[in-house]
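Structural description and commentary
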Amino acid sequence: MKWLTTYNRGGSVALEEIPVAEYGEFYTSLCDRLADPACHIADYFAVKESEGLRFFCLLMDDKAGTVDLASFRYGYYDDRALESVTAVRPEAHPFERAVTEQTGVRFRGNPWAKPLRYPSDGRRGRPSIDRHPFYTIAGDALHEVNVGPIHAGIIEPGAFRFICNGEKVLHLEISLGYQHRGIERLITTSGNRLRQTVLAESIAGDTAVGHSTACVTVIEKLAAPGLPAGLSARLAAERAVAIELERIAMHIADTGALCMDIGYQLGQVACEALRTIVINTTLAWCGNRFGKGLVRPFGTRYPITPEVADRIRANLAGVVRRYREVREDLKSAPSVLARFEDCGIVSAGQLARIGAVGMAARAGGLKRDVRFSHPYGPWTDTLGGVAEFRTQGDVMARLMLRGREIFASAGYVTALLDVLDDGKLCRAEPVYDVPLRPLSLAYSLTEGWRGEICHTAVTDRAGALAAYKVKDPSVHNWLALALAMRGEGISDFPINNKSFNLSYCGHDL
């Protein structure tokens, strides 16, 4: 079967250029390609057309650095069930489940055909979490423990159902996404580019820079002729500085959260103070601690001035020095090692099967990092480096990897600031009156602090958005948390949960 080969740095593609195959041919080709560990699905979804649905699949090849596109059609009066890719390649499960939920198309042989989320515009109406078909096991020695349906700390919807034998967890099932946020629909129905960007910043509040960068990149790729051609290297570098500061802040915050869950107060309070310095640095730059308002289409109202650059350098130097001391204390504390080592292990094989991405994948030896496999902005051109990774796959590995990424990101920020230190400013103003190319598709892959973020847009004949799809890395990685808990004591759930720190709202679109 023919696929259209594209690159993350490329622009939009005309819909007529994307090959259309019969489903049987598409199914065989996708299953075969997913057998290669270098390949995984970036996104897979359906868009309404006049005669039915057109499915699009974005397949990433990390070795070749390509994103291959293919499609197939399904008529409105076609009632056949499609052969399930999930039955052969489990990583397809979130995509097939979402398609069934949103369109009613069924996949024959799908082993876990349950709702992925309850979308506000889905075909299932507004069912209650009380009726979710949780998995059950019969046995007099077993009992169930329910956590949720509202997280007590962050007030986000999340239901966790444990099946236990005594204190040992045999199975954990996680159900999310019943808040009916409708983010994709709101972006699709809005023609206001500023509003679309603000909505993207709200997909996951702790990843405002990551998601807004993905969103504006899609807008820039789809922009009709006559607007600024491409993106200036300076603006791309400034966005990279922002996203690396976001990565540093969140990894420090997670270090503190893990310390808190085991009563290691020294590490907790130290990390809280260090994270505050980082987000206050972003505040001094753009007026918002989380970088909201910073990333806008084609330009910025907050260019990095020499004063801002000096503040970032000075603050990061102090943060890195003090965090290094905290990290050394954690590595040498017996009480920390006793709780974190060999706890919540997820192997590289398991991570590959479920399509794990980002930090969660790299902690188990699966080297997936969009910055280096599918570069964008300054990556590989201005910045060198390789993906940081660990192989143990336990809580300690996920903690130690955070430290490595903090140090690496601080180095990237310093290198970018050195490039920007020429006395010039980014003079490009944001452009919001952006007509889009008709009948086109554009995607953007961005490495957020949790992992790869994928935004994809499809336009109609008038250049309006026919579909806008968002994939937060948490969609891939929640199943990794469930696997990490198998065979663990239920009291270890908090530290395993914190070691992944996945997004509830990023999943609930």
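Anything mentioned here points back to the structure above.
Residues numbered from 1 in each chain as written. Predicted model: local features only at pLDDT ≥ 70, side-chain atom pairs only at ≥ 80, totals over all residues. Heavy atoms only, no water.

Let us look at the overall build of the chain. Along the backbone of the chain there are 15 helices and 13 strands. The C-alpha atoms of the chain give a radius of gyration of 22 Å, which matches the 23 Å a tight globule of 509 residues would have. Along the first, second and third principal axes, the C-alpha set of the chain runs to 70 × 65 × 40 Å. For the chain, the proportion of its 509 residues judged to be buried stands at 59%. Counting contacts in the chain only where the partners sit at least 6 residues apart, residues at least 24 apart contribute 68% of the total. Surface exposure of the chain reaches about 19700 Å², of which carbon and sulfur atoms provide 51%. (Helix = DSSP H or I, 4+ residues; strand = E, 2+ residues; numbered from the N terminus. Rg over C-alpha atoms; globule rule 2.2 N^0.38 Å. Buried < 20%, exposed > 50% of the residue type's maximum accessible area, 1.4 Å probe, protein only. Contact = heavy atoms within 4.5 Å. Areas by Shrake-Rupley, 256 points an atom, 1.4 Å probe, with all protein chains shown as cover.)

Before going further, it helps to examine helix 7 (residues 265–286). Relative to the 32 Å expected for 22 residues at 1.5 Å per residue, helix 7 spans 32 Å between its end C-alpha atoms, a close match to the ideal helical length. Within helix 7 the residues assigned to the buried category are G267, Q268, C271, L274, V278, I279, T281, T282, W285 and C286. Viewed along the axis of helix 7, the buried residues span an arc of 150 degrees, placing them on a single side of the element. Exposed and oriented more than 90 degrees from the buried face of helix 7 are Q265 and L266. Tucked into the core, helix 7 has its buried residues touching helix 6 (233–261) and helix 8 (306–332). (Expected span 1.5 Å × (residues − 1). Arc of directions from axis to C-beta.)

Taken across its ten residues, strand 5 (residues 66–75) has eight buried, putting it largely inside the fold. Note that strand 4 (residues 52–61) and strand 5 share ten bridges and pair antiparallel. Considered in strand 5, the bridge of D61 is made with T66. In this structure, the hairpin formed by strand 4 and strand 5 is closed by a connection of four residues, where G65 is found at a positive phi of approximately 75 degrees. (Pairing = 2+ DSSP bridges.)

Taken as a whole and judged by the stated rule, the model has seven cavities of 30 Å³ or more. Within this model, the largest cavity holds a volume of roughly 180 Å³. Along the wall of the largest cavity there are 17 residues; nearest its centre are D43, F95, A98, R117 and K469. Contributions of two or more residues to the lining of the largest cavity are made by strand 3 (39–49), helix 2 (93–103) and strand 13 (465–471). When residues of the lining of the largest cavity are assigned to their parent elements, the largest contribution, six residues, is made by helix 2. Here the residues of the lining of the largest cavity are counted per class, giving ten nonpolar, two polar and five charged. Forming the walls of the second largest cavity are 17 residues, and the residues nearest its centre are E246, A249, I279, R289 and F290. (1 Å grid on protein atoms, 1.4 Å probe; cavity = no way out; pocket = protein on both sides within 12 Å on 5 of 7 lines; lining within 4 Å. Points joined across faces, edges and corners; volume = space filled by probe spheres on them. Nonpolar A, V, L, I, M, F, W, Y, C, P; charged D, E, K, R; others polar.)

Among all residues save glycine, negative phi is the norm, and among peptide bonds the norm is trans. Backbone geometry at L439 places phi at a positive 45 degrees, although glycine is not the residue there. Residue classification places L439 among the partly exposed positions, given a relative accessible area of 34%. Phi is positive for N501, close to 45 degrees, though the residue is something other than glycine. You can see N501 is positioned in the segment after helix 15 (493–500).

Across the sheet, four strands lie side by side as 1-5-4-3; this open sheet has antiparallel pairing. Among the strands making up the open sheet, the edge pair consists of strand 1 (4–6) and strand 3. Across this sheet, the average inter-strand angle for adjacent strands is 25 degrees, counted without regard to direction. Here strand 1 runs beside strand 5; their pairing, made up of three bridges, is antiparallel. Within strand 5, the position partnered with T5 by the bridge is D68. (Axes fitted to C-alpha atoms, helices over the stretch in contact; angles between N-to-C directions.)

Per the stated rule, a full pass over the model turns up 29 salt bridges. One salt bridge connects R33 with D61, and the closest N-O pair in it is separated by 4.0 Å. Taken as a pair, R33 in helix 1 (residues 23–34) and D61 in strand 4 lie far apart in primary sequence, 28 residues in all. The exposure class assigned to D61 is buried, which follows from its relative accessible area of 11%. The residue R368 makes a salt bridge to D62 at a minimum N-O spacing of 3.8 Å. Taken as a pair, R368 in the loop between helix 11 (358–362) and helix 12 (370–373) and D62 in the loop between strand 4 and strand 5 lie far apart in primary sequence, 306 residues in all. (Salt bridge = Lys/Arg side-chain N within 4 Å of Asp/Glu carboxyl O.)

With that out of the way, let us pick up the packing of helix 14 (residues 474–484) against helix 15. Following both chains from N to C, one finds helix 14 and helix 15 inclined at 150 degrees, their axes separated by 10 Å at the closest point. For the element pair helix 14 / helix 15, the angle class is roughly antiparallel. Of the two elements, helix 14 crosses helix 15, and the hand of that crossing is right-handed. On the side of helix 14, the interface is formed by W478, A480, L481 and A484, while helix 15 contributes F493, N496, N497 and F500. Among the residues forming the contact of helix 14 with helix 15, the class breakdown is six nonpolar, two polar and no charged. (Parallel < 35°, antiparallel > 145°, perpendicular 65-115°, else oblique. Left-handed = near helix turned anticlockwise from the far one by under 90°.)

By size, the foremost hydrophobic cluster in this structure holds 74 residues, and its most contacted members are V241, I252, W285, I312, F340 and L441. Counting residues per element, this core draws most heavily on helix 13 (residues 395–420), which supplies 13 residues. Discounting chain neighbours no more than four positions away, the residues touching I252 are C271, L274, R275, V278, V319, Y323 and I406. (Core = buried A, V, L, I, M, F, W, Y, C linked by side-chain atoms within 4.5 Å.)

Moving on, we get to the state of the cysteines. A complete count under the given rule lists zero disulfides for this structure. Here C164 is not disulfide-linked; the sulfur of C343 is the nearest cysteine sulfur, at 14 Å. Note on C164: relative accessible area 0%, which makes it buried. Note on C426: no disulfide assigned, nearest cysteine sulfur contributed by C286 at a separation of 14 Å. (Disulfide = S-S within 2.5 Å.)

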